[in-house]
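Secondary and tertiary structure notes
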Amino acid sequence: MSKEEKYDRQLRLWQSSGQSNLEHSRIVLVSPNLASLELMKNLILPGLGHFTILDSEENVITEEDLSNNFYITEDQLGLSKAEVFASNLNELNLDSTHEVVKIEGTVQDFLASDDLSDKFPWNSYDFIVANWQFPSLIDLVQGLSNTSLIVVNSLSFFGTLRIFQKSYKFIETHSEKMLDLRLLNPWKELTDYSDSIDLEALDLQEHSQIPFLIIQLKAMEEYKRQHGGELPKAYSDRKVYKAIIQGWKKSYDELNFDEALTNSNKIFNPQKVPEDLQKIFDSLEGDFDAKDKYWLLVKALKIFVDSNDGNLPLTGEIPDMDSTTENYMTLKGIYKDKFSKDLTNFEGHLQELNVNEIKFTTDEIVKFIKNSKYLYYSKLSSKLINNVDLFIEDFGSELSEFQSIILSFIMIENYYLQFNTIPSLTDINALLNITKLFLNNKIQITETYEKVLYEILRVEGKELANISSIMGGIGAQELLKLITLQYKPLDDFLVFDGIRSVSERYKIK
Amino acid sequence: MTRTNIAIRPYLRTKGKFADEEYEPGEEVLYALTTSKILVLGAGGLGCEILKNLASSGFKEIHVIDMDTIDLSNLNRQFLFRTQDIGRPKAEVAAEYVMKRFKGVNIIPYYGKLQDKDEAYYAQFQVVISGLDSIEARRWINNTLVNLVDPEDASSVKFLIDGGTEGFRGQTKVIIPTFTACYECSLDTISGQTTYPMCTITNNPRLPEHCIEYVSTIEWPQSHKDQKLDMDDPEHVTWLHERSLARAKEFGIEGITRSLCLGVVKNIIPAIASTNAIIAASCCNEAFKIVTSSNPILENFMMYSGNDSVFTYTFAYERKDDCPVCGGL
């Protein structure tokens, strides 16, 4: 059985490099609920390396589990949850390995123990997945260098997801690329090639096969010639520029001239360092680490840009254009040659910086250059969200519906972590009082908050299979991004409302 | 021990603060949920998830239609299937699996086309959830359900919930025929398959895709007369791959791989379990709200994108007066 074939539909998203990361990834799932089981299912199917389920030996399959949990069978009532879930999840894809760790006493007590870091080999895992923001787990991951924490929750029609990871350092963000074609500031070889073509001397057949980039470039030269060397800037200038192209068109069906016109606005997109990349350059000052590949590459990029008139290295890519194969390949060759030169220069900068002689493969460097315009970097907060000052700082003084959902979850979480049970409607006044104490009169409780809290409490802690599946799906997508280091992850908190089918993101500062 | 409704009851026994004023919770709602007949179209990536969710959220009378058999490349997300099921009809294996897991749930599979069934068949359902992978099939069911509407009979209005995914993105649409925008009304928001001009693929190939298109559409029929190109036959794929490589070499084009050949000819859309999970559950969440009235339903489109962080966009798509299917009804 071929893995390429089995995983074909996902390899098209994250290629073999992402797949290899996934197959080497290890996750520990703490005391599963429906949402976190769904999350694990969505990682095991595509071939997660290993998962461990850590749970109290007291937790067994109940009648309630039977009523909404697909990952058990009726005859498993009363058996250990950890064991049943582990074997039923593993059955989904035998490529994953698994382990069960049962602890004595409650999960709360276990996680609250002073020597938590010694009680389990946490650092041998890449991710810890849990349902609640156990303060001790958050403290724990602070001390671990390569382990992150994902908290996923689902109650009533609502869900939350939070990622605790020290930083995101992404290269392959799969952003929609605006190719840098350097038409406003071409280099010599490109200009020479363009100059070697005399549009007027061509017959109609040849004229209609000139790639549109050359037409645009020639029109730009013509515009500059007419305007004392100035580039078109204002909207009216661009119209003049477009009129030049239009004027050169010999026949109505010259597709290449149509392409030159329809793509003419793209030329003016700023091609130098985008704002997000500039912020990453700015982070070099505080965050540069000469032993970290990402930072070495970023610093080499900064040096490259500074010594190349603000230009990023060329990626060598050009869009498809109506033209003969020969014309297209010649043009492509010119862009590729420039890419190779930029690559050599970049490698020179990298080598000078790389005092620790960390090994880079050419593939790694090429991948970095091709994605350099759209790198992603973010640092995350490790602060607990159930801290009123943080809450106020982020949310202002009026509680919106989303903020009401978040606050409700925090209050229920606090209650759960203290009493090991999820409150229900009979506890609503107690919960409202706890909320008032928490808010300490800094934010007023709104009617929306009471409605949301009511909606959550009335379900008596029961998960709705659909909402848990949505949250497990979202959580798995985020983990896949964190594992494959591709696309852009959530940064760092999400709330989902399944009544209106809407979501909102928050960044905890 | 059998499966009960313990986890679902609290949702239906009390009334939330967001529910419609006229809504009355209680046993009748639970009865409506367990007796409501629901149809699932497609037992693939979305379909497997939908069947699991419906069974886990209290539905008991489910039908499923799918015309495909199980393939190895399904197993990375279609979690009701195992290696030993390869080659068997998806609808049948999926129904067997869910009924084995959830005793008391009745799932009737049909291995065949949507078009095999008549109006009377579709008229028996309250809700239809579509997890189809073809635009044509979606248009067909949309048209059928719009035609079923009898203005004198409220029960003739069948809710159509349509899910679709591609990579990290997806969308859910809730269609109430003749009351909201129908699938056809929203057709211009859907992009079709990429096509290349004939002159490019025959005379001026520039991309590896151009070479593959040439070999599959021109060279194959020339050298294989009556035999159709079958991309599920490894020998055919090998032939196509080798010929495409040769043509690309002739023109100095790089980048032909076996995987690209398959992708271009089969028009493969990337698919993962997690996106299917999100969209299928969103569809089932709407079905649950429709059947129980326990909370308001989606009006009427939701788009999800996980490419760049998490992004959802919910909006009411307007009906089109000149819609060829529901316009004027």
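Residues numbered from 1 in each chain as written. Chains lettered and ligands numbered in written order. Predicted model: local features only at pLDDT ≥ 70, side-chain atom pairs only at ≥ 80, totals over all residues. Heavy atoms only, no water.

1. Brief notes about the overall build of chain B
Assigned secondary structure in chain B consists of 11 helices and 8 strands. The C-alpha extent of chain B, read off along each of the three principal axes, is 75 × 50 × 45 Å. Taking all 329 residues of chain B together, the buried fraction comes to 57%. The long-range fraction of contacts in chain B, counting pairs at least 24 apart against all pairs at least 6 apart in sequence, stands at 62%. When the accessible surface of chain B is summed, it comes to about 14000 Å², and 50% of that surface belongs to carbon and sulfur atoms. In chain B, the 33 positive side-chain charges and the 43 negative ones have mean positions that sit 6 Å from each other. (Helix = DSSP H or I, 4+ residues; strand = E, 2+ residues; numbered from the N terminus. Buried < 20%, exposed > 50% of the residue type's maximum accessible area, 1.4 Å probe, protein only. Contact = heavy atoms within 4.5 Å. Areas by Shrake-Rupley, 256 points an atom, 1.4 Å probe, with all protein chains shown as cover. Lys, Arg positive; Asp, Glu negative; His and termini not counted. Charge placed at Lys NZ, Arg CZ, Asp CG, Glu CD.)

2. Quick look at the overall build of chain A
Check the secondary structure of chain A and you find 22 helices and 10 strands. Seen through its C-alpha atoms, chain A measures out along the principal axes to roughly 85 × 55 × 45 Å. The contacts of chain A with a sequence gap of at least 6 include a subset with a gap of at least 24, amounting to 70%. With the model as given, the accessible surface of chain A reaches about 20800 Å², and the carbon-plus-sulfur share is 48%. Distance between charge centres in chain A, computed from 52 positive and 79 negative side chains, equals 6 Å.

3. Some details on the UniProt feature "domain: THIF-type NAD/FAD binding fold" (unreviewed entry) in chain A
UniProt feature "domain: THIF-type NAD/FAD binding fold" (unreviewed entry): in the numbering of this structure it lies at residues 7–129 of chain A. Structurally, residues 7–129 of chain A is divided into 43% helix and 18% strand, and its ends, taken at the C-alpha atoms, are 24 Å apart. (UniProt positions renumbered as here; feature names shortened; annotations may be inferred.)

4. Here's the deal with the layout of surface pockets
Residue and element names in this part refer to chain A. Put simply, the second largest pocket is a space of about 1100 Å³. Asn21, Lys169, Tyr294, Leu482 and Leu485 are, among the 32 residues lining the second largest pocket, the residues nearest its centre. Where the lining of the second largest pocket is concerned, the elements lending two or more residues are helix H2 (8–23), strand S7 (167–170), helix H15 (293–306), helix H17 (362–371) and helix H22 (465–484). Per-element accounting of the lining of the second largest pocket gives the leading share, 4 residues, to S7. Class assignment of the residues belonging to the lining of the second largest pocket gives a composition of 12 nonpolar, 12 polar and 8 charged. (1 Å grid on protein atoms, 1.4 Å probe; cavity = no way out; pocket = protein on both sides within 12 Å on 5 of 7 lines; lining within 4 Å. Points joined across faces, edges and corners; volume = space filled by probe spheres on them. Nonpolar A, V, L, I, M, F, W, Y, C, P; charged D, E, K, R; others polar.)

5. Section: the sheet that holds strand S6 (residues 169–175) of chain B
All names here are of chain B. The sheet built from 8 strands is open, its strands ordered S3-S2-S1-S4-S5-S6-S7-S8 with mixed pairing. The open sheet is flanked by strand S3 (106–111) and strand S8 (311–315), the only strands paired with a single partner. If you compare each strand with its neighbour and ignore which way they point, the axes differ by 15 degrees on average. Note: strand S1 (residues 37–41) against strand S2 (residues 61–66), 5 bridges, orientation parallel. Counted as the bridge partner of Leu41 is Ile65 from S2. (Pairing = 2+ DSSP bridges. Axes fitted to C-alpha atoms, helices over the stretch in contact; angles between N-to-C directions.)

6. Quick word on the packing of aromatic side chains
Applying the stated criterion across every chain yields a total of 28 aromatic pairs over all chains. On the numbers, 5.5 Å between centres and 20 degrees between planes, the contact of A:Phe120 with A:Tyr125 is stacked. On the basis of relative accessible area, A:Tyr125 is assigned to the buried category, the value being 2%. Plain terms: the ring middles of A:Phe170 and A:Tyr376 are 6.4 Å apart, the flat faces sit at 80 degrees to each other, and that makes the pair edge-to-face. With A:Phe170 in strand S7 and A:Tyr376 in strand S8 (residues 376–379), this pair connects stretches of sequence that are 206 residues apart. For the pair formed by A:Phe170 and A:Tyr376, the shared burial category is buried. Each residue in the set A:Phe70, A:Tyr71, B:Phe79, B:Tyr97 and B:Phe102 is aromatic and connected to the rest through ring pairs, giving one cluster. Taking NZ or CZ as reference, A:Arg500 lies 5.5 Å from the ring centre of A:Phe402, over its face. The aromatic ring of A:Phe70 is capped on one face by B:Arg101, whose charged end is 5.7 Å from the ring centroid. (Phe/Tyr/Trp six-rings, centres within 6.5 Å; stacked < 30°, edge-to-face > 60°. Lys NZ or Arg CZ within 6 Å of the ring centre and 35° of its normal.)

7. A look at helix H5 (residues 81–90) of chain A
Burial within H5(A) is extensive, with 8 of its 10 residues counted as buried. Those residues of H5(A) lying buried are A:Lys81, A:Ala82, A:Val84, A:Phe85, A:Ala86, A:Asn88, A:Leu89 and A:Asn90.

8. Quick word on empty space enclosed by the protein
Residue and element names in this part refer to chain A. Per the counting criterion, the structure on display carries 4 cavities of 30 Å³ or more. A volume near 120 Å³ is recorded for the largest cavity. Looking at the largest cavity, it is lined by 15 residues, and the ones nearest its centre are Met178, Asp180, Thr315, Lys370 and Lys373. Its volume calculated, the second largest cavity comes out at about 80 Å³. Of all the elements in the fold, those that place two or more residues in the lining of the second largest cavity are strand S5 (148–155), strand S6 (158–164) and helix H19 (401–419).

9. Remarks on the packing of helix H16 (residues 325–353) of chain A against H17(A)
Residue and element names in this part refer to chain A. Contact geometry of H16 with H17 gives a least axis separation of 11 Å together with a crossing angle of 110 degrees. For the element pair H16 / H17, the angle class is roughly perpendicular. Here the hand of the crossing between H16 and H17 comes out right-handed. When H16 is examined against H17, the residues Phe339, Leu343, Phe346, Glu347 and Leu350 are found in contact with a partner set consisting of Thr362, Ile365, Val366, Phe368, Ile369 and Lys370. Split by residue class, the contact of H16 with H17 holds 8 nonpolar, 1 polar and 2 charged. (Parallel < 35°, antiparallel > 145°, perpendicular 65-115°, else oblique. Left-handed = near helix turned anticlockwise from the far one by under 90°.)

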